[in-house]
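Commentary on secondary and tertiary structure
Here is how the chains run, residue by residue.
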There are 2 protein chains.
Amino acid sequence: MTRTQLVYLSGGVGGARLAHGLARLVAADRLSCIVNTGDDLVHWGLHVSPDLDTMMYTLADVADVERGWGLTGETFEALAWVKRYGGPSWFALGDRDLATHIMRSEWLRDGASLTEVTRRLCAGLQVATPILPMSDERCETMIDTDGGTLGFQHWLVAERALPPVRRVWFRGAARATSSVLAALDAARLVVIGPSNPYVSIEPILTLPGVRERLRGVPVLAVSPIVHGRAGKGPLAAMLETLGRTEPSARSIASHYGELLTAMVVERGDEKDIPLRAVLGTDTLMHTRQHSRALAARLLEFAVELGYWT
Amino acid sequence: MTRTQLVYLSGGVGGARLAHGLARLVAADRLSCIVNTGDDLVHWGLHVSPDLDTMMYTLADVADVERGWGLTGETFEALAWVKRYGGPSWFALGDRDLATHIMRSEWLRDGASLTEVTRRLCAGLQVATPILPMSDERCETMIDTDGGTLGFQHWLVAERALPPVRRVWFRGAARATSSVLAALDAARLVVIGPSNPYVSIEPILTLPGVRERLRGVPVLAVSPIVHGRAGKGPLAAMLETLGRTEPSARSIASHYGELLTAMVVERGDEKDIPLRAVLGTDTLMHTRQHSRALAARLLEFAVELGYWT
C-alpha cells in the first residue's frame, strides 16, 4: 500500500484552526480530516454535528472566529421566536446554521450516510479537503456528574461545563466508517489536533480498528495545553479530575502514551515530555496567519523527522 | 344547548383579514376560527400549516400584509443557505417563521395534537381568539392537472397555479376535531370568510359532521369575488374550469347553494344572487381599518337579520 496521506484527527474549534492552516499547505488529495461526532445531538428535531460544522465552516472561511462557534454574520431570528414560544433555547442555532442542520436531517432521513451528507454540505461550501465523520452511527459522549449523566452538549452548554466530570463514556456501538479506515490505511502521517483528548479525540480512538491502525504510522500530537492552561474549554478541569494530573503538555503526552511518536507544544512546554521528537513553537492560533504558520512549522518538523515529504 | 358563538370558517389571507376585524369586535369567548389544514405540508422536514400560520400571524398583528404571507420584518438567511446547499427553495420559509414550524413539529412529535400545538403557538403570540385547525389528522388537498396530481402547495407555489385544475380532492380520511364540532354545536352564526370555496372552505365542509351541523344555523358567506375578479389567488380560473361558470359573487352563491342563508358581497355585485338576505358593501380589505369596517358592517347586517346579538 502506498502511504501518501496526512490524516488529521480533530474535535471542534482548536482542531479546526490547525486544519485551516494544513488545508492551505497540503493538497486536498493528500489530506483527510477525521472529525469527532460524539457531541452530535438532536436539537429542535434537527441533527446537529457541532464539530463537523465547526470544521466545515472554518475550512470554508465562514466560521465566526471571534465567537468561537457558528457562522460569521449570523443572525438569530429563529432562536428569538423559539424563545417567544417557550421552546428550548439553551443551545443556540443561528439562522444560516439552521440550513446546515435542516439539510443534514433531510438527507439523513432520505437514507444518505452522515459521510455522504457531509460531502454534500462541503460541496455547497466549496470545501475541497475531505472531512470525514468518524462514524455514520451514533456514538454519544456521555458525562457522568455527581448529579447524574448528561449528554456532552447538555453538560457543556446548558450546564456550562460546571458540574465536575466523574467519568466520560461513549454510548452506542458505533463503528468507524470505511472512509475513515481507508484514510488511516493510506496514512503516512497522523496528526492529532490541539483538541480535548477526553471528549474530542478519545471518541475517535475508541472506534474498533482505529488504535491498531495508528501503531504502524508516525503519530504527531499538538498540545491543547499551553503553559498550563487550556483555551476556553473544560480540558484543564478534566485533566485534574479525570487524569488526576496537572494541566500541562506533559500530561497530554502521558495521556496518549505510546500512541505518540512526536509532539508539538508551546515554546517552553517541552520539558519532561517523554518523547524524543518534541517541537516547541508558537501554538496559539488567534488568526488565520497563526494557523498557517503553525501548520507550516508542524510540516517542516514532520519532514525533518522523515514523517512527511 | 345555548348557541352563543360566532364560528368563522376560513382559509388563509383573505379569510384572516376579516377574522382580524371580527376579533376586534367579538369577545374571544364568543368567537372561534375554524381553519383549513388541507394545504399543510412537510417541508424541510417540518410541519408547515400555511393557513393556520396566516391566521395566527394576522390576529397577532405580525403578518406581512404587503407580501401577503409570512411575518413582518422577516429575514431569509436559512433559505439563502439552503439554496447554497442545493436544497429545495421553491417554498420560502423565513427565519422567524421557521421557529413556528420547528416548535409545531417538535410538539407534534412529542404527541400533542395539532389543536393543542396551535393553542400553544397562539399563547406565544398572545392571540386570544381560539384558532381551531379543522382536523388533527392529515387531509391533503390534491390538485389533478393534465400533467398529473400535485399537492396543493406544489401546484400553487412551485407551479405558480399555472396548470389548469381538472379536479380537487382530499386525500386521507380526516375527521373534524371535537373542538370544531363543539364550536359548531354552540354556533349562533356561522360566517364563511372570503376564502377560496374549492380549496380553503371545501376541505372543512367535507369533514364528516360539519355540513349537517350547518343546517340548523344561519350561515353567512362573504364573497371572495369582487366585480368578477378574485384577489391574487387562483379562484377565478377555478370557477371557470371546475365550476364551469364565470367568476362572480353569484357563482359563489350558487356554489354554496342551500348551505347559505345570507351573503355579503361587494357593492354592485348583489344582482341575481338567489338569496333574500344580501348586503352590498365595501369588501376589499387593504388595511386593518378596512377589515374592521367590513367586520362591523357584517355584524350589523347579522343583527338586522336576527342572526346575532
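So, here is what we can say about the structure in this document. Keep in mind that this is a model prediction, so the values were computed, not measured. (Residues numbered from 1 in each chain as written. Chains lettered and ligands numbered in written order. Predicted model: local features only at pLDDT ≥ 70, side-chain atom pairs only at ≥ 80, totals over all residues. Heavy atoms only, no water.)

Some thoughts on the interface of chain A and chain B
- Contacts between the two partners involve 28 residues from chain A, matched on the other side by 28 residues from chain B.
- Interface area for chain A against chain B, summed over the two sides, is near 2500 Å², with a carbon-plus-sulfur share of 71%.
- A salt bridge links A:Arg96 to B:Glu77, with the shortest nitrogen-to-oxygen separation between them at 2.6 Å.
- The interface formed by chain A and chain B includes six residue pairs in polar contact (both at pLDDT 80 or more).
- By residue number, the principal contributor to the side of chain A that touches chain B is helix α4 (residues 95-109) of chain A, which donates 10 residues.
- By residue class, the composition of the side of chain A that touches chain B is 17 nonpolar, five polar and six charged. (Contact = heavy atoms within 4.5 Å. Buried area = accessible area lost by both parts, 1.4 Å probe. Salt bridge = Lys/Arg side-chain N within 4 Å of Asp/Glu carboxyl O. Polar contact = N/O pair within 3.5 Å; in protein donor to acceptor, adjacent residues only side chain to side chain. Helix = DSSP H or I, 4+ residues; strand = E, 2+ residues; numbered from the N terminus. Nonpolar A, V, L, I, M, F, W, Y, C, P; charged D, E, K, R; others polar.)

Quick notes on the relation of the copies chain A and chain B
- Under the fitted operation, chain A is carried onto chain B by 0.0 Å of movement along the axis and a turn of 180°, and the coordinates agree to an RMSD of 0.0 Å. When the rotation and shift are considered jointly, the pair of chain copies conforms to a two-fold rotation axis. Of every C-alpha in chain A, the one belonging to A:Asp95 sits nearest the axis of rotation, 3.0 Å from it.
- The residues that chain A uses at the interface reappear at the interface of chain B in 100% of cases, marking a shared surface. (Least-squares fit on C-alpha atoms with pLDDT ≥ 70 in both.)

Considerations on the pattern of salt bridges
- Overall, the coordinates contain 36 salt bridges over all chains when judged by the stated rule.
- Across the pair B:Asp185 and B:Arg213 runs a salt bridge, and its minimum N-O distance is 2.8 Å. With B:Asp185 in helix α7 (residues 178-185) and B:Arg213 in helix α9 (residues 210-214), this residue pair connects regions lying 28 residues apart in the sequence.
- Classification of B:Asp185 by relative accessible area gives partly exposed; the value is 24%.
- Residues joined in a network through salt bridges with shared partners are A:Arg24, A:Asp61 and A:Arg288. (Buried < 20%, exposed > 50% of the residue type's maximum accessible area, 1.4 Å probe, protein only.)

Points about empty space enclosed by the protein
- If you walk through the whole model with that rule in mind, you get one cavity of 30 Å³ or more.
- Looking at the largest cavity, its volume works out to about 30 Å³.
- Considering the residues around the largest cavity, the lining is formed by A:Trp44, A:Gly45, A:Leu46, A:Arg109, B:Gly45, B:Leu46, B:Ser105 and B:Arg109.
- Split by residue class, the lining of the largest cavity holds three nonpolar, three polar and two charged. (1 Å grid on protein atoms, 1.4 Å probe; cavity = no way out; pocket = protein on both sides within 12 Å on 5 of 7 lines; lining within 4 Å. Points joined across faces, edges and corners; volume = space filled by probe spheres on them.)

Description of the sheet that holds strand β6 (residues 140-145) of chain B
Residues and elements named next belong to chain B.
- Judged by pairing direction, the sheet is antiparallel, and its three strands sit side by side in the order β7-β6-β8 without closing on themselves. Looking at the sheet topology across the chains shown, the edges are occupied by β7 (148-151) and β8 (167-171). With strand direction ignored, the average angle separating the axes of adjacent strands in the sheet is 30°.
- Inspection of the sheet shows β6 paired to β8 by five bridges, in the antiparallel sense. Residue Asp144 lies in a different strand from β8, and its bridge partner there is Arg167.
- Along the sheet, helix α8 (residues 197-205) contacts β6 and β8; its crossing angle with β8, the most-contacted strand, is approximately 35°. (Pairing = 2+ DSSP bridges. Axes fitted to C-alpha atoms, helices over the stretch in contact; angles between N-to-C directions.)

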